[in-house]
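# Observations on the model geometry
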Amino acid sequence: MTKAVKRRSSRTGKLSTTQEAYKKFVFRKTAFMGTILLLIILLTGIIITLGPLDITVTEAYCALLDKLYPDCFNVDDLTEQVIWNIRFPRIIGGVMAGFGFGVCGCVMQAVLKNPLASPFTLGISAGAQFGIAVAAVLGISVIGGPYLLIGNAFVFALLCSGFIIALATVKGATSETMILAGIAVNYLFTAMSQLFKYFASDEQLRLMTSWGMGDLAAFTWERFPLILVVFVICIPLLMSKAWDLNIMTAGDETAKSIGVDANNVRTFIMVISSLLVATVVCFTGTIGFIGLVAPHIARMIIGGDHRFLIPASGILGAFVLILADAIGMNIIAPTIIPTGIMTSLIGVPFFMYLILKGKRREFWT
Amino acid sequence: MMIKLQAKDIIFSYDSVPILKNVSFEIPPAKLVAIVGPNGSGKSTLIKCIDRILTPQSGSILIDRKEVTRMKRMDVARNIAYVPQNSLRIFPNNVVDTVLMGRRPHLGWISSDDDEEKVWAVLRLLGIEELGMNNFNELSGGQQQKVLLARALVQEADVLLLDEPTSNLDIWHQLDVMNIIRDLVNKKVITALMAVHDLNLASRYSDRMIMMKSGKIVAAGEPSYVLTPENIESVYNVEAAVRKQSETPYIIPLKQAPIGRKG
């Protein structure tokens, strides 16, 4: 094999037009991610200025940099307090949540080979919602104290996906089985949550409903180390499988013939991404739309190579989420529209526009 | 005689429905071997068992005298490449990225220029370089088949398995794909084992033929030995005439045999 290929690969030094087009394509992918990252940083500065206390964009950046280089800038104390303790954590929370949802949606769509897959396909949100219901109505929680609700959401979310992964592993994991099982479990847990709602008092009901809408308000600095640790462990693990994910979209048989053990990779990805999503979901509640759509938008723009697609989905998810959240916070201030509602209100029309505008029959290509 | 690929007593069944019953054969290096047989005779299953896409219940497969069933999957991929039957993709890539997948057994997380250069070399070899940026699903059947072949070739394995590589192609593309494979075999680059439906195409291009019926090998050897009216009637239940054209036997199906059932 090597011989024939080498004989023909004598480098002419000149690239053909197709080769140049491919190089440009690779450059475009990197450029796209760089642009969105830049937009996120710009948007952060702008979002910080929005709110009851007047802050300029310059002040916003100065206050942020002031923490790193304490003596370089002159920022007034109140402004810094507002920025660092109120406005900035929410943005960081939004970035992390959006990134997590985007990445997980992307890898789950790849291993399940289904454009409808998202972090919530496996009933993760339904499980978390039920966890909240149990904590709210019965006051029963796995973890006590301030983490009463969050702990329960986390455990039940993992319980849901764990059940499906176990089922698929024992029976031999095909992607169709997993999606069907996920939807079934989704119905089950939704039904149980509704049963709890039926018996809940007004106060308990309010708690359950507000969580179900999805909100970034739960992000505070104390909670970040925990989330950060999960991110630092999970994201590189998912990224390390980028090649295998590329290959798995071509089908399990092809994957196996190229040396990728499809079933093992699928289980691995599902375990890691469930852990990641459960961690985010228990703080934010249901913000499902990002995980479904961010990977599709990214795929339309930069194609299907997961080495680029995973981070791009994450960055795009982060961007859409903080944008939507900023609008939700300010459009009819002082009333705050919950993040989950706002992402869908803004994201769905945008997504529809992309589908209509796309020339291709399959909009996700 | 040197043996490149050897199968010994392979038994495989799906949920206790036996598909392969004690299949054994030996293939010398740099030969093109065609597996023929009626639908459901176990051709595709045999090929999948050899590549460990399916795991046989018993029997052994040796490549260069090494046991395939005990190799790691990546090692199998370095020794055996597989061209699947064509199918559309749910998340299609462009042609270069699709072919680049075949480099997976050889690369780390970052693909090197060398890997990319190999991809371009194979695309040039197959005459589809200008399709590099096209989306896989937008190609014609013949072009898609060549892309799948390219992906298997960049894997740089000595043994190439093909599952019906010509089934959806017009006659020009059938000859084109077969000529490419024949050429690689002649240059001693690969040993090829392919499942084929078209007996005449198999007869014209293969060095050896393996004829299967109901999970068993009925006849094996040179095409002129395997393709006899008697064999075709007993395996396919079709009465056929055999004509020679420049030393190659060609089959002309005459009519269905009156009795018996089709395999």
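Before reading further, recall that the structure is shown in the block above.
We now turn to the structure provided with this report. (Residues numbered from 1 in each chain as written. Chains lettered and ligands numbered in written order. Predicted model: local features only at pLDDT ≥ 70, side-chain atom pairs only at ≥ 80, totals over all residues. Heavy atoms only, no water.)

## Topic: the overall build of chain B
Each helix and strand in chain B was counted, giving nine helices and 12 strands. The C-alpha radius of gyration of chain B comes to 19 Å, within 12% of the 18 Å expected for a compact globule of 263 residues. Principal-axis analysis of the C-alpha atoms places the extent of chain B at approximately 60 × 40 × 40 Å. Relative to its 263 residues, chain B shows a buried fraction of 60%. For chain B, the share of sequence-separated contacts (at least 6 apart) that also reach a separation of at least 24 residues comes to 65%. For chain B, the accessible surface area stands at approximately 10900 Å², while carbon and sulfur atoms represent 49% of it. Both charge centroids of chain B, one from 32 positive and one from 30 negative side chains, sit 6 Å from each other. (Helix = DSSP H or I, 4+ residues; strand = E, 2+ residues; numbered from the N terminus. Rg over C-alpha atoms; globule rule 2.2 N^0.38 Å. Buried < 20%, exposed > 50% of the residue type's maximum accessible area, 1.4 Å probe, protein only. Contact = heavy atoms within 4.5 Å. Areas by Shrake-Rupley, 256 points an atom, 1.4 Å probe, with all protein chains shown as cover. Lys, Arg positive; Asp, Glu negative; His and termini not counted. Charge placed at Lys NZ, Arg CZ, Asp CG, Glu CD.)

## Description of the side chain of Ser118(A)
With respect to the secondary-structure elements, Ser118(A) resides in the loop between helix H4 (77–112) and helix H5 (124–138). Non-local contacts of Ser118(A), meaning those with residues more than four positions away in its chain, are made with Met108(A), Gly291(A) and Leu292(A).

## A word on the sheet that holds strand E2 (residues 17–27) of chain B
All names here are of chain B. Strand order in the open sheet formed by four strands is E2-E1-E4-E5, with antiparallel pairing between adjacent strands. In this open sheet, the two edge strands, each paired with only one partner strand, are E2 and strand E5 (66–67). Two elements, strand E1 (residues 5–14) and strand E4 (residues 58–63), share five bridges in a ladder whose sense is antiparallel. Each bridged residue has a counterpart across the sheet, and for Leu5 the counterpart in E4 is Ile63. In the packing of helix H1 (residues 43–50) onto the sheet, the strands contacted are E1, E2 and E4, and the crossing angle to E2 comes to about 65°. (Pairing = 2+ DSSP bridges. Axes fitted to C-alpha atoms, helices over the stretch in contact; angles between N-to-C directions.)

## Describing the interface of chain B and chain A
Facing the 51 residues of chain B at the interface are 47 residues of chain A. Summing both partners gives a buried area of about 4300 Å² for chain B against chain A, and 60% of it is carried by carbon and sulfur. On the chain B side of the contact with chain A, Arg73(B), Phe91(B) and Trp109(B) bury the most area, a combined 19% of that side's loss. For the pair chain B and chain A, the interface holds five salt bridges. (Buried area = accessible area lost by both parts, 1.4 Å probe. Salt bridge = Lys/Arg side-chain N within 4 Å of Asp/Glu carboxyl O.)

## Observations regarding the pattern of salt bridges
Residue and element names in this part refer to chain B. Counted according to the given criterion, the structure contains 21 salt bridges over all chains. A salt bridge links Glu156 to Lys118; the shortest N-O distance between them is 3.7 Å. On the criterion of sequence distance, the pair formed by Glu156 in the loop between helix H5 (141–154) and strand E7 (159–163) and Lys118 in helix H4 (residues 113–125) is long-range, its members being 38 residues apart. Taken individually, Glu156 and Lys118 each receive the classification buried, so the pair is uniform in this respect. Through salt bridges that share partners, Arg103, Asp114, Asp115, Lys118 and Glu156 make up one connected network.

## Here we look at the pairing of strand E6 (residues 80–83) of chain B
Residues and elements named next belong to chain B. Side chains of E6 alternate between two faces, with Ile80 and Tyr82 and Ala81 and Val83 buried alike. In this sheet, E7 lies alongside E6 in parallel orientation, the contact comprising four bridges. When the sheet's bridge partners are listed, Ile80 is paired in E7 with Val159.

## Examining the sheet that holds strand E9 (residues 208–213) of chain B
All names here are of chain B. Strand order across the open sheet formed by six strands is E6-E7-E8-E3-E9-E10, with mixed pairing between neighbours. Looking at the sheet topology across the chains shown, the edges are occupied by E6 and strand E10 (216–221). If you compare each strand with its neighbour and ignore which way they point, the axes differ by 15° on average. Across the face of the sheet, H5 comes into contact with E6 and E7 while running at roughly 170° to E6. Helix-sheet contacts for helix H9 (residues 229–236) involve strand E3 (32–36), E9 and E10, and the interaxial angle to E9 is about 35°.

## Let's talk about the nonpolar core
Ranked by internal contacts, the top residues of the largest apolar core, which has 108 residues, are Ile83(A), Phe101(A), Met270(A), Leu276(A) and Ile310(A). Looking at this core, the element that brings in the most residues is H4(A), giving 16 residues. Discounting chain neighbours no more than four positions away, the residues touching Met270(A) are Met108(A), Val111(A), Leu112(A), Leu122(A), Ile165(A) and Met178(A). Residues Leu32(B), Phe136(B), Leu153(B) and Val235(B) belong to the second largest nonpolar core, which totals 58 residues. (Core = buried A, V, L, I, M, F, W, Y, C linked by side-chain atoms within 4.5 Å.)

## Comments concerning helix H15 (residues 339–357) of chain A
Residues and elements named next belong to chain A. With 19 residues, H15 ought to run about 27 Å at 1.5 Å a step, and its terminal C-alpha atoms sit 27 Å apart, in line with that. The largest bend in H15 amounts to roughly 25° and is located at Gly347, with the proline Pro349 lying one to four residues further along. If you check which residues of H15 are buried, you get Thr339, Gly340, Met342, Thr343, Gly347, Phe351 and Leu354. Contact partners of the buried residues in H15: H4, helix H8 (202–213), helix H13 (288–302) and helix H14 (306–330). (Expected span 1.5 Å × (residues − 1). Bend = angle between axes of the 7 residues up to and from the residue.)

## Overview of unusual backbone geometry
Residue and element names in this part refer to chain B. Unusually for a residue other than glycine, Asp9 sits at a positive phi of about 45°. Unlike most non-glycine residues, Glu164 shows phi in positive territory, near 50°. In this structure, Glu164 sits in the loop between E7 and helix H6 (171–186). What makes Glu164 buried here is its relative accessible area of 8%.

## Some points on the packing of aromatic side chains
Residues and elements named next belong to chain A. Under the criterion given, the structure shown has 10 aromatic pairs over all chains. Ring geometry for Phe88 versus Trp221: centroids 6.2 Å apart, planes at 50°, classification tilted. You can see Phe88 sitting in helix H4 and its partner Trp221 sitting in the loop between H8 and helix H9 (224–239), a full 133 residues away along the chain. For Trp221, a relative accessible area of 30% puts it in the partly exposed group. Ring geometry for Phe130 and Phe156: centres 5.3 Å apart, planes at 80°, overall edge-to-face. (Phe/Tyr/Trp six-rings, centres within 6.5 Å; stacked < 30°, edge-to-face > 60°.)

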